[in-house]
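These are the residues of each chain, in order.
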Amino acid sequence: MKRTVLFLVLMSVLGITQALTDNRYHLGFNDEEKVEFLSEMRQMLSSIQQITLGIGTGNKAMIIKAARYSGNRMARATSQSIKDKTPISFEKIGGPTHMMFETLAINAAEVDADDADDMKDLAELTGKLMRHCLACHEAFTVN
Ligand code: HEC
């Protein structure tokens, strides 16, 4: 007993207990929902990769295609059972994320690929969009 207490005190002094506590909201997805949802997530990462590469190489078509992939189309494709499990606070981050991908596609179509400032604006928008990735990952887990 004394040893357990000593152990716990040591752990908290070392800040280890904090690392072991997951304070995120548990969405409680079943296996099927996890497969579908996480695959969408990997698509979003892939979009970000293509968008970044497109900005760096001045390839507008690449940016537009990648951004559209994770835009409204993906939002619409999400299954009802997943939508039923996600709280408003989740949708408040997720909805605008898809919208920003659409905005990115529209803006990319209008920019001059040879104009460094134009491409800088796209990079900035991508960075701002990714704040949503961080915010949601900070707050939710599929488990
Ligand atoms: C509205 C919420 C939300 C947004 C926005 C969001 N994610 Fe996620 N993402 C999650 C959750 C929840 C998980 C699962 C995390 C867990 O359970 O530990 C996840 C997991 C992932 C994974 C891991 C996939 C796997 O196979 O395990 C990747 C990659 C990912 N997200 C990329 C992104 C990128 C890139 C963005 C932004 C463009 C993004 N996500 C935006 C909620 C979100």
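Please refer to the structure higher up on the page.
Residues numbered from 1 in each chain as written. Predicted model: local features only at pLDDT ≥ 70, side-chain atom pairs only at ≥ 80, totals over all residues. Heavy atoms only, no water.

Asker: Just to check I follow, could you spell out the environment of Y25 for this structure?
Answerer: Looking at the secondary structure, you find Y25 in strand 1 (residues 25-26). Put simply, Y25 and E138 are 113 residues apart on the chain and 9.3 Å apart in space, counted from C-alpha to C-alpha. If sequence neighbours within four positions are ignored, Y25 has contacts with P87, A139, F140 and T141. (Helix = DSSP H or I, 4+ residues; strand = E, 2+ residues; numbered from the N terminus. Contact = heavy atoms within 4.5 Å.)

Asker: Any chance you could explain the site of the ligand here in plain terms?
Answerer: In the vicinity of the ligand, 20 residues are found, and the nearest of them are M41, R42, C133, C136 and H137. Between the ligand and the protein, one listed contact pairs an oxygen atom with a side-chain N or O atom of R24 at 3.0 Å. Separating a nitrogen atom of the ligand from a side-chain N or O atom of H137 is a distance of 2.8 Å. Broken down by secondary-structure element, the contributors of at least two residues to the shell around the ligand are helix 3 (31-57), helix 7 (88-110), helix 8 (116-139) and strand 2 (140-141). Per-element tally for the shell around the ligand: the top contributor is helix 3, with 7 residues. (Near = heavy atom within 4 Å. Polar contact = N/O pair within 3.5 Å; in protein donor to acceptor, adjacent residues only side chain to side chain.)

Asker: What should I look at first to understand the coordination of the iron atom of the ligand in this one?
Answerer: In an ideal octahedron of six donors the angles at the metal are 90 or 180 degrees, and in an ideal tetrahedron of four donors they are 109.5 degrees. Surrounding the iron atom of the ligand are the protein donor atoms M41 (SD) and H137 (NE2), at 2.0 to 2.1 Å. Coordination at the iron atom of the ligand comes from 6 donor atoms whose angles at the metal span 87 to 179°, giving a geometry best classed as octahedral. On the criterion of sequence distance, the pair formed by M41 in helix 3 and H137 in helix 8 is long-range, its members being 96 residues apart. Residue H137 is classed as partly exposed on the basis of its relative accessible area, which comes to 49%. (Donors = N, O, S within 2.8 Å, 3.2 Å for Na, K, Ca; no water. Tetrahedral: all angles 85-135°; square planar, octahedral: opposite > 155°, others 65-115°. Buried < 20%, exposed > 50% of the residue type's maximum accessible area, 1.4 Å probe, protein only.)

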